[in-house]
Amino acid sequence: MTTLRIADGQVLRPDMTIERADVLVDQDAGTILDVGDVDEGDVGLDAEGDLVIPGLVNAHTHVAMTLLRGYADDKPLDAWLQEDIWPVEAELTAEDVRVGTRLGVLEMIRSGTTCFADMYFDMPAVAEVVEETGMRAMLGYGAITVGQDDEAARQELQDSLAFAKEYDGAADGRISTAFKPHSLTTVGEEYYREFVPEANEAGLPIHFHANETEGEVDPLVDEHGERPLEYADDVGLLGEDSFIAHGVHTDATEHELLAERGTAVVHCPASNMKLASGMAPVQDMLDAGVTVGLGTDGAASNNDLSMFDEMRDAAMLGKLAADDASAVDAPTVVEMATQGSAAAIGVDSGRIEPGANADLAVIDLDEPRLTPGHDLVSHLAYAVTGSDVRHTVCDGQVLMRDRTVLTLDEQQVVQDATEHARALVDRAEE
Ligand SMILES: N[C@@H](CCSC[C@H]1O[C@@H](n2cnc3c(=O)[nH]cnc32)[C@H](O)[C@@H]1O)C(=O)O
Ligand SMILES: [Zn+2]
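For every chain, the first residue of its written sequence is number 1, and the numbers climb from 1 along that sequence. Here every chain gets a letter starting at A, and every ligand a number starting at 1, in the order they are written. With the structure being a predicted model, the display of local features is reserved for residues of pLDDT at least 70 and the display and counting of side-chain atom pairs for 80 or more, all residues being used for whole-chain, interface and lining totals. Computation of side-chain values: all heavy atoms of the structure, hydrogens and water removed.

1. Here's the deal with the overall build of the protein
- Secondary structure elements follow DSSP: runs of H or I of four or more residues count as helices, runs of E of two or more count as strands, with numbering from the N terminus. On a plain count of helices and strands, the protein comes out with 14 helices and 18 strands.
- Computation of the radius of gyration draws on C-alpha atoms, with the globule rule given as 2.2 Å multiplied by the number of residues to the power 0.38. Taken over C-alpha atoms, the radius of gyration comes to 21 Å for the protein, in line with the 22 Å a tight globule of 430 residues would show.
- Considered along the principal axes of its C-alpha atoms, the protein spans approximately 65 × 45 × 40 Å.
- Only protein chains enter the area calculation, which uses a 1.4 Å probe; residues under 20% of their type maximum are buried, those over 50% are exposed, and those in between are partly exposed. A burial count over the protein gives 60% of its 430 residues as buried.
- Residue contacts are defined here by distance: any two heavy atoms, one from each residue, within 4.5 Å place the two residues in contact. For the protein, the share of sequence-separated contacts (at least 6 apart) that also reach a separation of at least 24 residues comes to 72%.

2. As for the domain arrangement of the protein
- Domain segmentation is taken from an automatic or database assignment of domains. Looking at the protein, the domain boundaries give domain 1 (3–54 + 351–403) and domain 2 (56–345).
- Inter-centroid distance (C-alpha atoms) of domain 1 to domain 2 is 28 Å.
- If you look at the interface, domain 1 gives 26 residues, while domain 2 gives 25 residues.
- Summed over both partners, buried area is the accessible surface (1.4 Å probe) that two parts give up on being assembled. In this assembly, domain 1 packs against domain 2 so that about 2,000 Å² is buried in total across both faces, 66% of it on carbon and sulfur atoms.
- Throughout this description, the term salt bridge denotes a Lys or Arg side-chain nitrogen within 4 Å of a carboxyl oxygen of Asp or Glu. In this structure, the connection of domain 1 to domain 2 is made through two salt bridges.
- For Arg 136, the salt bridge identified is with Asp 359, shortest N-O distance 2.7 Å.
- Definition of a polar contact: a pair of N or O atoms within 3.5 Å, with one able to donate and the other able to accept a hydrogen when the atoms are protein atoms, and with sequence-neighbouring residues admitted only if both atoms are side-chain atoms. Remark: the boundary between domain 1 and domain 2 carries seven residue pairs in polar contact (both at pLDDT 80 or more).
- Sorting the residues of the side of domain 1 that touches domain 2 by element identifies β5 (50–54), β15 (360–364), α13 (376–382), β16 (389–394) and β17 (397–401) as the ones contributing at least two each.
- At five residues, α13 tops the list of elements feeding residues into the side of domain 1 that touches domain 2.
- Gly falls in the polar group here, along with every residue not listed as nonpolar (Ala, Val, Leu, Ile, Met, Phe, Trp, Tyr, Cys, Pro) or charged (Asp, Glu, Lys, Arg). Counted by class, the side of domain 1 that touches domain 2 contains 18 nonpolar, five polar and three charged residues.

3. A word on helix α4 (residues 150–167)
- One fewer than the residue count of a helix, multiplied by 1.5 Å, yields its expected span. Over its 18 residues, α4 runs 26 Å from end to end, which matches the ideal 26 Å to within 8%, given 1.5 Å per residue.
- Listed in full, the buried residues belonging to α4 are Ala 153, Glu 156, Leu 157, Ser 160, Leu 161, Phe 163, Ala 164 and Tyr 167. Down the axis of α4, the smallest arc covering the buried residues is 165 degrees, so these residues share one side. The exposed set on the far side of α4, more than 90 degrees from its buried face, consists of Glu 151 and Glu 166. For this quantity, the arc is that covered by the directions from the helix axis to the C-beta atoms.

4. Examining the packing of aromatic side chains
- Here a Phe, Tyr or Trp ring, Trp counted by its six-membered ring, pairs with any other such ring whose centre lies within 6.5 Å, and the pair is stacked when the planes are under 30 degrees apart, edge-to-face when over 60, and tilted otherwise. The full count for this structure, using the stated rule, is two aromatic pairs.
- Ring plane angle 85 degrees and centroid distance 5.0 Å describe the contact between Tyr 120 and Phe 121, whose orientation is recorded as edge-to-face.
- Judged by its relative accessible area of 6%, Tyr 120 is buried.
- Judged by relative accessible area, Phe 121 falls into the partly exposed class, the value being 29%.

5. Some points on the sheet that holds strand β13 (residues 264–267)
- Pairing between two strands is assigned when DSSP locates at least 2 bridges connecting them. The strand order across the open sheet formed by four strands is β11-β12-β13-β14, and the pairing between neighbours is parallel. Edge positions in the open sheet fall to β11 (207–210) and β14 (292–294), since each of these has one partner strand only. Averaged over all adjacent pairs, the angle separating strand axes in this sheet is 30 degrees, with direction ignored.
- Across four bridges, β11 lies against strand β12 (residues 243–246) in parallel orientation. Each bridged residue has a counterpart across the sheet, and for His 207 the counterpart in β12 is Phe 243. Lines are fitted to the C-alpha atoms to define the axes, a helix being fitted only along its stretch in contact, and any angle between axes, read from their N-to-C directions, falls within 0 to 180 degrees.

6. A short note on a negative patch on the surface
- Only residues whose relative accessible area exceeds 30% and that form no salt bridge enter a patch; like-charged residues are grouped when within 9 Å of one another, and nonpolar side chains (Val, Leu, Ile, Met, Phe, Trp, Tyr) when within 5 Å. Note on areas: Shrake-Rupley with a 1.4 Å probe; residue coverage comes only from the protein chains shown. In this tally, Lys and Arg are treated as positive and Asp and Glu as negative; His is ignored, and so are the chain termini. In plain terms, the charge of a residue is placed at NZ if it is Lys, CZ if Arg, CG if Asp and CD if Glu. On the surface, a cluster of negative charge is contributed by Asp 8, Asp 34, Asp 37, Asp 39, Glu 40 and Glu 48.
- Examined against the element boundaries, Asp 37 turns out to sit in the loop between β3 (31–36) and β4 (43–46).

7. Observations concerning the site of ligand 1
- In the region of ligand 1, 21 residues are neighbours, and Glu 89, Gly 142, His 182, Glu 212 and Asp 297 sit closest.
- One of the side-chain N or O atoms of Glu 212 is found 2.6 Å from an oxygen atom in ligand 1.
- Taking 560 Å² as the accessible area of ligand 1 by itself, protein coverage stands at 94%.
- Only α1 (77–89), β7 (113–120) and β8 (136–143) provide two or more residues apiece to the shell around ligand 1. Here a residue counts as near a molecule or strand whenever at least one of its heavy atoms sits within 4 Å of it.

8. Some details on the coordination of the zinc ion (ligand 2)
- With water omitted from the atoms examined, metal sites may look incomplete; donors here are N, O and S atoms no farther than 2.8 Å from the metal, or 3.2 Å in the case of Na, K and Ca. The coordination sphere of the zinc ion (ligand 2) contains the protein donors His 60 (NE2), His 62 (NE2), His 209 (NE2) and Asp 297 (OD), at a distance range of 2.1 to 2.2 Å.
- For the zinc ion (ligand 2), the four donor atoms in the first shell make angles of 87 to 167 degrees at the metal, so the coordination geometry reads as irregular.
- For the zinc ion (ligand 2), all donor residues lie on one chain, and their spacing in sequence is H-x1-H-x146-H-x87-D. Separated by 88 residues along the polypeptide, His 209 in strand β11 and Asp 297 in the loop between β14 and α11 (307–322) bring together distant segments of the chain.
- Asp 297 gets classed as buried once you look at its relative accessible area, which sits at 5%. Irregular is the label for any site that misses the other tests, which are tetrahedral for four donors with all angles between 85 and 135 degrees, and square planar for four donors or octahedral for six when opposite donors exceed 155 degrees and the remaining angles lie between 65 and 115.

9. Description of the nonpolar core
- The definition of a nonpolar core used throughout is a set of buried Ala, Val, Leu, Ile, Met, Phe, Trp, Tyr and Cys residues joined through side-chain atoms within 4.5 Å. Counting residues in hydrophobic clusters, the biggest one holds 111 residues, and the most contacted among them are Phe 116 and Leu 139.
- Tallying contributions element by element places helix α2 (residues 94–110) first for this core, with seven residues.
- Taken domain by domain, this core gets at least three of its residues from each of domain 1 (3–54 + 351–403) and domain 2 (56–345).
- Among residues more than four places away in sequence, those in contact with Leu 139 are Phe 116, Asp 118, Met 123, Val 126, Ala 127, Val 130, Phe 163, Ile 175, Ser 176, Thr 177, Ala 178 and Lys 180.
- Of all hydrophobic cores here, the second largest spans 17 residues; its members include Leu 4, Ala 21, Val 25 and Leu 45.

10. Points about α1
- Between its first and last C-alpha, α1 extends only 15 Å over 13 residues, short of the 18 Å set by a 1.5 Å rise per residue.
- The seven residues ending at a residue and the seven starting there each receive a fitted axis; the angle between those axes is the bend at that residue. The axis of α1 is deflected most strongly, by about 30 degrees, at Glu 83, and proline Pro 87 appears within four residues downstream.
- Of all the positions in α1, only Leu 77, Ala 79, Trp 80, Leu 81, Asp 84, Ile 85, Val 88 and Glu 89 are classed as buried.
- Of the surrounding secondary structure, the elements contacted by the buried residues of α1 are β7 and α14 (410–429).

Dropping the structure here:
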């Protein structure tokens, strides 16, 4: 057995306490063996004076949208997608997606994220990048049927099912998959009725955007005479493994329904603020027993992939939404970015305990900005930034050591992304 010892750090435990300990990892199994005073094995990673946390889990994103970062800002969702994003995405090639995903993964490894849930185009290219970079991911092809003829629409959903079936368990088990219809409004009811049973039969989790804007909720209520998530339940979308993105405009009936079905919500506060979609009632959801995770959404509506920014945004927005400064407190957002996200997407990461996946990030606390250290959970929620991350470990393998990413050529990734982004936008604007 090959082991890795992360030595002498202050370790964040699942109950949000902090303990001075070593973490011993079984690199062959990719799991945590022991947390405590460990004598065995050479010191693999020095964490003296550092804070060791579970690798953060970005439970909803469109990673290759890094290529569109800063391309179109300051618009609401509908206009932003239809006028700016979709026309450019129509020109995307698999190579663009590969290059954009490498850029996103580089940013995530550097900011302590070890696992992400992605919904995008050309997912085999995304899977290859996950494989080559050592990340963990929950992937799915985003299917849209609006504006398509019946044959093309059915093909979209078949593609999403086929990808999920083929790639589940890929990259030595670091890839899991889901059926990912884009949203309740961009996929027609007849297609949900036809394909959701097939996804359920195949045992696939389901992930989609829901209740993101008021403009999306109102027509659904008019059409179906019930709340959007009641409609989602009618068509079989709310299973125990399912998780929705956003859930901004949700009411108490819907929170109860989510809790009952065991369907999780991935909260994306930065995207919701930037697109002025609204304030998700996160504290209400938590109080109702809904599992809540955290995601950045794509880099074009955020505009970064740092989960530290997302935790801070979630705490701030959660308080405003509840009109209560004690709502969505520091331990709650740290839990959301770790155990909450992991539970939402069904991976056994997000906790430093024997048996869990060895996905970790080590944070350098030796910063004026992080002084003094009254409460390190408070620091995680409010003060740490992605660039404070010193080492990143996923599945027992070191992906970044002393701020050097080992599984990607940083300069090449940045150069390729710059070139591909420029050429992509040129093609779209021709
Ligand atoms: N096969 C689909 C692709 C869907 S991938 C997922 C889509 O979600 C889009 N997206 C990004 N952010 C958001 C959001 O906040 N809400 C809804 N869609 C988004 C993204 O641009 C991408 O088009 C097609 O033919 O268009
Ligand atoms: Zn999204």
